Structure formats: C-alpha cells, structure tokens
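Next come the chains, spelled out residue by residue.
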Amino acid sequence: MCGFVGFIGNSNVSSLVIDALQAIQHRGQDSAGIGIVSENGFFLHKDLGYAANALEKVSYTGAGAAIGHVRYPTIGGGIREDAQPFFSRQPGVMMVHNGNLINFKELKQQLKRHSVNLSSNCDVEPILYLFCLEMMKIREEGHTVFDAVIALKETYKYIKGAYSVAFAMILDGKPTLVCTRDPYGIRPAVWGEKNGEYMCASESVCLDAIDFEIKGEIASGEAMFFRAGEEPQTHLIEKRGKAPCIFENIYFARPDSVYNNRSIYMTRMDLGRVLGEELIAKKVDVDVVVPVPDTSIPAALEISRVIGKPFSEGLIKNRYSARTFIMPTQSIRENALRLKLNPIKAQIKDKKVLLVDDSIVRGTTLKRMVRLLKEKGKAKEIHVAIHCPPVLNPCFYGIDMSVQEDLIAHRKSVKLGLGTKKVLDLKDQRQLEQAVAEHLGADSVTYLSMEGTNKVFGTERCAACFDGDYKVEIDKQSIDEIRNDRIGISCGFNRVNT
Ligand code: SF4
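Computed from a predicted structure; not experimentally measured. (Residues numbered from 1 in each chain as written. Predicted model: local features only at pLDDT ≥ 70, side-chain atom pairs only at ≥ 80, totals over all residues.)

### Some words on the sheet that holds strand β9 (residues 190-194)
Overall, antiparallel pairing links the seven strands, which are arranged β3-β2-β4-β1-β10-β9-β11 in an open sheet. Pairing within the sheet leaves two strands with one partner each, and these edge strands are β3 (41-48) and β11 (213-217). Shown here is a sheet whose adjacent strand axes are inclined to one another by a mean of 15°, direction ignored. Bridge count for β9 against β11 is four bridges, and the pairing is antiparallel. From the neighbouring strand, tryptophan 191 faces β11, where its bridge partner is glycine 216. (Pairing = 2+ DSSP bridges. Helix = DSSP H or I, 4+ residues; strand = E, 2+ residues; numbered from the N terminus. Axes fitted to C-alpha atoms, helices over the stretch in contact; angles between N-to-C directions.)

Shown next, in the form of structure tokens:
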C-alpha cells in the first residue's frame, strides 16, 4: 500500500506536496519522492525515509504540476530504485501510483519486445512506459489532452489490476496534472480545489491538511486533467463497475478521511454497531470494552454503547512507534509490538475484557497482545471482537495479503476440514472462531459476519479477501508469480506491491 499526492498551482508547489504527503505518511514509511513539471523543465527527487526527512532539501517556490509519493516498506535490494515517482524523458512524464498490477511480468516482457527495459520492480514503471509508447505513436512532440486520453485508453487495454495513478507532463504547451483510476475504482483517489489550484490524492485528509475543499472522487475508469486557473476536464477511459476496497475503511485510511463519500470514522462506528448486535446474539459476556489503538476506537465506542458495557483505554500506544502491519517481516513486526503497546493494569485486572481489533491477518500480533493483557495486565478473560469477517482469501490488488498460507483464517479453515471455501456461512464461521481463539490463547473470538458487513457496505464494493469475489480475474500462473514474489521478500528479491 502506498500514498500519492498531485498538485497544480501558481506557487510553492513543492512545499504543498510535501505537507500533504505527511498527512498520509501512515500509507508508507519506506521512501518518499517528488516530481515537478514546470515551464522551466523537470525536477525529480526521491530518498529513503519519511517524507519530512527524505524531501527536506526540496524547495521549489514557483508554479507547475507536482506529484509526490510515500511508499510501503520492503527490505533487501532495490529499495531506492523502487521509490516513486518514475520519469520517462520521452515525451517527458512523471508518474506515481497506488495499487498492484496482476500481469506485471507479462507487461515486462511486452515492453522488452519494444526495447524498453525496466529499471525497477515497481508496478508503475510498465504503466508509465506503455503510456509513453502510445503517446509517441500518436506524435513525437506537442502532445495534447486528446492524445493523452487516447494513449490512456490503449494503456488500459494492457494493464490488469487495481491502480490509481497521478502524472504530470506538458500537454497543449502547459503543465498538466492527470489523475486516473482503474476500471472498477478499487484503489482510492480524491480531488479538491482552492482558489483555482487543484490537488488529487490517495486520501481526502491530504486536502484537509492544506485547507483545500474536497470536491469528490475520481470515478472508476475516469481520468481528470487539471490546470491552474482552468476548469478540470473529465474523460472516460474504461469503466467496468464500482468496487472500492473495503479494507481502506476497515484498517488503512485515516479515520478523518472521507472514502467513497462516507466518513471513515462513521463507517467504523457502523461496523461496531452491527458487531455489537452480533455479540449480543452470540451472548458474549464481558465487563469492559478495550480497543486496540487507534484504528478500532470508533468501533469499540459503538460496541460499548450497544452492549451496555464501559469503554476503557486498557492498552496505551506509544505514539512514536510505526504501524506493525506495514513492516516487511514478521521479526521486525514482533520487535516493534513490544515497544508499541502497554496495558493499564488498573483498568483490566480481574476483568472479562472484550478486546476490539479491526482485522486478523496473520494473527501473530494479536496473539502477543492477548498474552500481554493476560500476563502483564492480569485480565481474567480475553474475548476478541473483530470488526470485519475472516480474511480467507489473498489480496492481489495492492494490500500485502497475497500469500494465502499466511492467513490464519485460511489455515484454520483448512485444518477444520471446511475446505477452501471463499466465504463461510455463520455456522462454519463460529467453528473457525473457536479454532482462532485457541490459537490466540483467547477465551473467544467473534468476527463480524459477512451479512453484517454487507449491511454497512452494500454489495457495490471489493471484499474479495473476505468473500472471494475478485472483480479483476486472475489466472493461476499470475497468482503463483505474485505469491512467489511476496515470499521472496524475506530474502530481498521482491516485487513492489504498493
Ligand atoms: S481483496 Fe480485500 S484488501 Fe484487496 S482490494 Fe479487495 S477488499 Fe481491499
């Protein structure tokens, strides 16, 4: 998972992009980059680390189109090479993206046949070079918005997956910012305006951070073209449906962001309300509701209200440690957790605790947390409530859950003889919950049901990791390639899922 920002304005383009990137630092902490296209030419800088540090020496106070990026962390070789933006000198395009291409290897070979050799393992590179090849087929110089629309339509024919892309280039003789979204709108992209200047970004919180008015989302399969002082142009590239990733709501996005026209905070409260009702139906008996900070706080507040038990901050988060899910290896995640959370014994000692978390992917972090609350916090019982269904299926669309054997719900489900069902009915889910509770050392586990999830999100969404309904079809060979790449991370030879 990554985050991007695009800005076009009359002055201070670099500082606005760097400020906005800091608002989405949670989407990637490995590297940061910025690319600027102005009437003076092209500027590109990228480095390892947080945006504020990696880009601290960048200062361009003039006008132009700028794109910025924060990257999901990986380890091993190629870190700097994989940082975004990417730049193609011909015809002069800077590009960033968030997402994952499921046919990366095929595209790499296709480009090789045109003597284009990729210099990284990052998915945005084939998008950039395919687009540039199409642009150069149309004409060699003096490109227009119309050319870019045709080239994007051609590029979309080749690229398969989930992606939001922002790029900057000269079109019709003027610096132009473009933002596009995949045909199902799986990955997020929003845009906003202030005094005739425009910004697009992975999350609306970027726009809030610099006081821009949020105007809306880039629709599935559409491209928006922005120039300072002009009305934006919208062009349809290729639309197949609407399927925004619900994991953005559940875990990734900041609670103060708006996604798919709904407040993330309010959506998490809705998830808590429905889960609270399901906990009552299941007769889960607890004394106190404790969220795993910070993502699950809104859901825990609502669960506490629905089940009529007090809310308590029984776990305190060290604000200066990084998010464990987006750390590249299990050992790094485990070490980080020790520094990250500490129980307040006075709040949980001798109590039956309902520990609320957003999701269980691998289960390792939660297992340590349950032990921490029991051994250090002296809790009497730990009942876990998860505000999403079991993650049974891998994600091939840009969230780091592409190895099915890593998923604790899948592993336990296979062990229980539930086969390889892509979604469980409630009876099977309850069986799975018992097995996961045993694994975690908890007294019980309750996942939000799929039915409950649909009450909150409806059915116009991507929830493939929960229900196995993959909007963009993927063949076995591509599944194996992605899986092997992700497994390869532990020895440093990975393809970059952003
Ligand atoms: S499979 Fe899950 S994590 Fe991946 S895009 Fe769909 S909802 Fe999001």
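### Details of the pairing of strand β12 (residues 222-226)
Buried residues dominate β12, accounting for five of its five residues. Here β12 shows two buried faces, one formed by Glu222, Met224 and Phe226 and the other by Ala223 and Phe225. The hairpin formed by β12 and strand β13 (residues 233-236) contains six residues between the paired strands, and glycine 229 there has a positive phi angle of roughly 80°. (Buried ≥ 20, exposed ≤ 12 C-beta atoms within 10 Å, placed from the backbone.)

### Observations concerning helix α13 (residues 364-375)
Residues lying three or four places apart along an α-helix face the same way, a consequence of the helix completing one turn every 3.6 residues. For α13, built from twelve residues, the straight-helix expectation of 16 Å at 1.5 Å per residue is met to within 8% by its first-to-last C-alpha distance of 17 Å. Along α13, the residues classified as buried are Thr365, Leu366, Met369, Val370 and Leu373. Mapping the buried residues of α13 onto a view down its axis gives an arc of 135°, with all of them on the same face. (Expected span 1.5 Å × (residues − 1). Arc of directions from axis to C-beta.)

### So, the confidence of the model for the chain
Scored by pLDDT, the chain has a mean of 92; 92% of the residues are at 70 or more. Of the regions scoring below 50 in pLDDT, residues 490-498 engages in 37 contacts with residues more than four places distant in sequence or in other chains. (pLDDT = per-residue confidence, 0-100. Contact = placed C-beta atoms within 7 Å.)

### Observations concerning the environment of lysine 376
For lysine 376, the position within the fold is in the loop between α13 and β20 (381-386). Its 12 C-beta neighbours within 10 Å are what place lysine 376 among the exposed residues. The spacing of lysine 376 and lysine 345 is 31 residues in sequence and 7.3 Å in space, taken between C-alpha atoms.

### With respect to the site of the ligand
Inspection of the region around the ligand gives Ala162, Ile186, Cys245, Ile246, Phe247, Cys395, Tyr397, Ile399, Cys462, Ala463, Ala464 and Cys465 as its neighbouring residues. A class-by-class count of the residues in the shell around the ligand yields twelve nonpolar, no polar and no charged. (Near = placed C-beta within 6 Å. Nonpolar A, V, L, I, M, F, W, Y, C, P; charged D, E, K, R; others polar.)

### Details of the packing of helix α9 (residues 264-282) against helix α10 (residues 297-307)
When two helices pack together, their arrangement is given by the angle between the helix axes and the distance between those axes. Orientation of α9 relative to α10, taken along the N-to-C sense of each, is 40°, at an axis distance of 7 Å. Comparing the axis directions of α9 and α10 gives the class oblique. Crossing of α9 over α10 shows right-handed handedness. Judged by residue contacts, Tyr265, Arg268, Met269, Leu271, Gly272, Arg273, Leu275, Gly276, Glu277, Leu279 and Ile280 of α9 engage Pro298, Ala299, Ala300, Leu301, Glu302, Ile303, Val306 and Ile307 from α10. The residue makeup of the contact of α9 with α10, split by class, is 13 nonpolar, two polar and four charged. (Parallel < 35°, antiparallel > 145°, perpendicular 65-115°, else oblique. Left-handed = near helix turned anticlockwise from the far one by under 90°.)

### Regarding unusual backbone geometry
Going from glutamine 90 to proline 91, the amide bond is cis rather than trans, its omega being 10°. Among the structural elements, proline 91 can be located in the loop between β5 (86-88) and β6 (93-101). Cis geometry is found at the peptide bond from proline 293 to aspartate 294, where omega equals 0°. Relative to the helices and strands, aspartate 294 resides in the loop between β16 (288-291) and α10. In this model, asparagine 195 sits at a positive phi of 50°, which is unusual for a non-glycine residue. Mapped onto the secondary structure, asparagine 195 falls in the loop between β9 and β10 (197-201).

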